[in-house]
Each structure stands twice: as structure tokens, then as C-alpha cells.
Amino acid sequence: MPDKTILSAKDLDFFYGPAQALRHITANIPANQVTAFIGPSGCGKSTFLRTINRMNDLIPIARVTGSLTFHGRDIYAPGVDVTALRRQIGMVFQKPNPFPMSVYDNVAYGPRTHGTCDRAKLDAIVEDSLRAAAIWDEVKDRLKKSALSLSGGQQQRVCIARALAVRPEVLLMDEATSALDPISTAKIEDLILELRERFTIIMVTHNMQQAARISDKTAFFLMGELIEYTATERLFSMPRDKRTEDYITGRFG
Amino acid sequence: MTKRKPAEVSMQILFLLCGLVAVAFVLLITAYLIAAGLPAIRQVGLASFLFGRTWDSTNETDPRFGILPLILTSVYGAAGAIVVGVPIGLLTAIFLAKAAPPRLAGLLRPAVSLLAGIPSVVYGLVGMCVLVPALRAWLNLPAGDSLLAAILVLAVMILPSVIDLSAAALEAVPKEYEEASLALGATEPETWFRVSVPAAKSGIAAAVALGIGRAIGEAMAILMVAGNVANMPSLLRSVRFLTTGIAIEMNYAAPGSLQRQALFSIGLVLFLFIMLINILLSLTVKRGKEV
């Protein structure tokens, strides 16, 4: 069965002022799979991730050319509702960043902002999201406690729950485990494999073993270019490009 | 253990002395206010001093020393200044810290600081020459000197500290919080009001408390616009504050008279008010830090 494409980039260029950060990126990202972006620091993998939910809009000097479509519709077309886009494409950040509020209020933030105020509905969304993020059992007795009182790994799973609570289709994870200890990292990796059933996951990671363990497809970026993008097994066992091979065998990066 | 050098020791003693001077002044003022303020309260009676509704200190046959009108005027005046000034100040702070293009913010910020540097007598003068006649004309009053005029002047006077402190608190909110909110599909204004302001709430509370302190303690500007009749407070009538009550009568109160002692008692009440506000302030800041 061919993969169903959910996101598609064609000749995508990205500039920070005069500096070009992405060059002619062309890639189709399949639905309900885990896609990993790897590459050395500054290679453009995070920049590409942030063009997908238009978080780069926050940088005044940023500029995008080429096309990037989500379900066939151009993300950068004039008149696109960015907030609606971000509701469909959620994001989890490198450093756990729960709001300085209770666990409950963190998870309920998105639905509340989008107009859900019915208590019973919110309760259900919060519980579902926390269960989906595999943190419900750890926090169910402390929903009213500050999210900042949790451990880093727990905070990150609360952040994942918070992102899931607005029912996105795609979840972008920007090195979401790099600030965590190995046990917390393993928990989140297991979680990603579960979430794959219901969401499309795109993750940036600087950890090649992580990409090899949990992703279906892997894209290797170098100096703003997409060097190689294929099934994860294939990329790690028989890379086509010499540069990919050098990187995954640890010759640089 | 090495022995400390004599220069080091003497510097330390110097710093200690400087620190003690400030503390000594606070203690001295407190002690003096208590000593000077208590006799009149004793003579008039605490209840009839604090809750008496008539202040008529110069009546030769039957002087009255009830400061309830003054207390309420100060409380209403400060509350009114907060109600008018804080929303304006907070919105300005949000604009400066979050919304304004950097260049515009760079222009507005010094302007706000300039507002803080204007002497209060100038505020009073402008209030007296512009605001008071305008109020009289708009509202068709016999005189524009009123609690309302004082509230408006105080509201402008607390703006700079409310804006500066709130903007600093808003700027200190970690960018990660705002990014998380935007990534969930919140708009920028939603993010400011639902994430940034709550995250900066202890700083904003400090700004408000500082504003209250300034409003309660201000004398000169409101002396010039409030009319200074010791009425029970009402928005459009002439009123007298705790501060202006002291300032007006101190000049002609005979030394040693009950009138003069009563003015010191007003000072004591004012002092306790400010202390109370400071205690509440440090409590809110502390509680804000724990969350």
C-alpha cells in the first residue's frame, strides 16, 4: 500500500535575512508514520520543522519561497489561518515548557482558548490527553498542583498531553528528549510509537540511535540541503550518498 | 584562619554604619510618630478619632477630631486611581513589552519615564488650571474641585510606575511560554492575556501595590485639585485626604495645641496604612514566587 502523503514540500527555500537556511527542499511526508530529521547542528532540520507550523513567522526577517502543502493546501498561501493551522499541527519543544499553572490548566489551555468551557467536556479532554501521553497515572492525584513541580520527563509528557488536547493531526517534536534523562527518554520513545497509530509524527533529533529505533522514514540534512530521505532501515543500512554514510558512521557532526 | 586586614575591617564597619543610618531613621520616625500621635488619640478617644464623621479642628467652642472622612477619602482616592490607572497602565505595558515595534517602544519608553520625573506640584498645577475647569464645565458643577479630579490626577501620576514595573515583569516572562501558547493555535493577544500576564502576575501585583502606596502618600498635587473640605467622600464633592489634612493645617496649628497633636495622629494613621500596604505587597510577591 503506498503511503498517504500528508505534507509535501517542493523547492522550499528559507532565508534568515540574506542567509539561506534551507535550499530547494523537496519531500513528501507520509501520514501516520514517524519521520525523523537528522543532521549536524545548523543543518536546517529545526528550521524546516518550524516552517511546517509557521513558527518562523515570529522572526521578522524570515522569508519562505517554494511550496509547502498540508493536505494539498499551501501553508504559506495568503489568507491561511495560521492559528487554525497550528491547531492541526501541534508542537513539542526541546526544553519542557509547561505554563506556570496547574497540570490541569496546562492541558486545558488549548481547548479553553478555542472556546470549550464546559467543565465535564474539559475534564474528559484533560484525562484523555494525559492518558494518551502516558502520564495520567502519575499525575491524576495532583492535577491541581503546579506543573513546574513535576520532574523534567513528566513535564515533557504534560507538554505532549497539552499539544494532544487540541486534537492535532500532526505532532512536531523538536529534539523533545534531548533535555531528558535516559529513562524519561525511553518512556517518550515508547509513547511516540503508540501515538503513531493516531497521529503523524515528525521529529528532529540529534540522536541517530533514536531515529533508527523509532522512525519509519529518516531525512538527512546538511548545510540547508536535504541530502537523503528514505526508509529508516535503508538509510542506516545502505545510504546512497557518501555524506550520509560519513555522518551516520560518525566521521563528522 | 588568616587574620583580616585592618582596612577590610574598617570598610566593613563603614558599610555597617551606613546601613544602620537608614534603619535608624525608620525607627526614629516610627518612635516619633507614635510619641507625637498618641496623646491626641488618647484625648479624643480611638473610636471617635478613627470613626468620627466630623473634622472641625478650629471650632473654638466645640472642636471635633473625627478623621473618618479623611480615611475614606484617601482609600477611595487610591482605589479610584487604581481602577482608572491600572487598566491603562497594564495595557500600555503589554503594548510596550509585546506588541509595539521596537522603534516605537524605544520612543515611548523614555516618554513614560519622563512622566515619572515631573514634580507633583506640576501635576497639581495642570490639574488646577485644565482639569478642574473642564470638569466644572462638562458636568455642570458649581466647582470642579472634587474627589473625581483628584482621582484622575492620581491615576496619571501612578501610570509611570505601573507601566515600568509591569513591562519589566512582562519582558521577563520566558519566551518558551509564549511559543508554547502560539504553537497551540492561540493568537498573540490571547497569548499575552492568558499566558504572559498570569506569568508576570507577581510583578504586576508589585506595580499595583506601589501605585497604591504612591496614591495614598501623595499630597501636593491633590491639595490643588480636591477642594480640601473635610466632607464624607463623594465623587463630585470637595474632599480632604489624610495627607492634605496635615498639609493644610500644619501652618497655623499652634504648637502644643490639641489640633497640632491631632495632625500628628493623622500622620501616624497614614504611616500605618503605608506599612500595611508594604506588608501586603511583600506577601503577594512571595506568594507569586511560590506558584
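Residues numbered from 1 in each chain as written. Chains lettered and ligands numbered in written order. Predicted model: local features only at pLDDT ≥ 70, side-chain atom pairs only at ≥ 80, totals over all residues. Heavy atoms only, no water.

> Account for the interface of chain B and chain A, with residues named and values stated.
Across the boundary between the two partners, chain B contributes 18 residues, which contact 26 residues of chain A. Of the roughly 1800 Å² buried between chain B and chain A on both sides combined, carbon and sulfur atoms contribute 64%. It is B:Ala183, B:Leu184 and B:Arg194 that lose the most area in chain B upon contact with chain A, and together they represent 35% of the buried surface on that side. Scanning the region where chain B abuts chain A turns up one salt bridge. A salt bridge links B:Glu179 to A:Arg50, with the nearest nitrogen and oxygen atoms 3.2 Å apart. Seen at the junction of chain B and chain A, the total is six residue pairs in polar contact (both at pLDDT 80 or more). At seven residues, helix H7 (residues 175-183) of chain B tops the list of elements feeding residues into the side of chain B that touches chain A. Within the side of chain B that touches chain A, the residues separate by chemical class into nine nonpolar, four polar and five charged. (Contact = heavy atoms within 4.5 Å. Buried area = accessible area lost by both parts, 1.4 Å probe. Salt bridge = Lys/Arg side-chain N within 4 Å of Asp/Glu carboxyl O. Polar contact = N/O pair within 3.5 Å; in protein donor to acceptor, adjacent residues only side chain to side chain. Helix = DSSP H or I, 4+ residues; strand = E, 2+ residues; numbered from the N terminus. Nonpolar A, V, L, I, M, F, W, Y, C, P; charged D, E, K, R; others polar.)

> Which residues make up the side chain of B:Glu249, and what are the values?
Residues and elements named next belong to chain B. Its location among the elements puts Glu 249 in helix H11 (residues 242-249). A polar side-chain atom of Glu 249 sits 2.7 Å from a polar atom in the side chain of Trp 55. Apart from the residues lying within four places of it in its own chain, the contact partners of Glu 249 are Trp 55, Ser 57, Arg 240, Gln 259 and Leu 263.

> Give me the packing of helix H6 (residues 152-164) of chain A against helix H7 (residues 182-195) of chain A: which residues, what numbers.
Residue and element names in this part refer to chain A. At their nearest, the axes of H6 and H7 sit 9 Å apart, and the two run at 20° to each other. Taken together, the axes of H6 and H7 lie roughly parallel to each other. Here the hand of the crossing between H6 and H7 comes out right-handed. Contacts from Gly 153, Gln 156, Arg 157, Ile 160 and Leu 164 of H6 reach H7 at Ser 184, Lys 187, Ile 188, Leu 191 and Leu 195. Its residues assigned to classes, the contact of H6 with H7 shows five nonpolar, three polar and two charged. (Axes fitted to C-alpha atoms, helices over the stretch in contact; angles between N-to-C directions. Parallel < 35°, antiparallel > 145°, perpendicular 65-115°, else oblique. Left-handed = near helix turned anticlockwise from the far one by under 90°.)

> So, the pattern of salt bridges: which residues are in play, and what are the values?
Taken as a whole and judged by the stated rule, the model has 17 salt bridges over all chains. In this structure, A:Asp216 engages A:Arg196 in a salt bridge whose closest nitrogen and oxygen atoms are separated by 2.7 Å. Residue A:Asp216 is located in the loop between helix H8 (208-214) and strand E9 (217-222), and its partner A:Arg196 is located in the loop between H7 and strand E8 (200-204); the two are separated by 20 residues in the primary sequence. Classification of A:Asp216 by relative accessible area gives partly exposed; the value is 24%. For A:Arg196, a relative accessible area of 24% puts it in the partly exposed group. Residue A:Lys242 pairs with A:Asp246 through a salt bridge whose shortest N-O separation is 3.0 Å. Within this pair, A:Lys242 and its partner A:Asp246 are both found in helix H10 (residues 242-248), separated by four residues, close to a single helical turn. Since its relative accessible area comes to 16%, A:Asp246 is described here as buried. When salt bridges that share partners are traced, they join A:Arg50, A:Asp174 and B:Glu179 into one network. (Buried < 20%, exposed > 50% of the residue type's maximum accessible area, 1.4 Å probe, protein only.)

> I'd like to hear about a nonpolar patch on the surface, residue by residue, with values.
Residue and element names in this part refer to chain B. A surface patch of nonpolar side chains, amounting to about 620 Å² of accessible area, comprises Ile 118, Val 121, Val 122, Leu 125, Val 126, Met 128, Val 130 and Met 220. Top contributing element to the nonpolar patch by residue count: helix H5 (residues 120-139), with six residues. A residue is classified by how much of its surface remains accessible, and Val 130, at 53% relative accessible area, is exposed. (Patch = residues over 30% accessible without salt bridge, like charges linked within 9 Å, V, L, I, M, F, W, Y side chains within 5 Å. Areas by Shrake-Rupley, 256 points an atom, 1.4 Å probe, with all protein chains shown as cover.)

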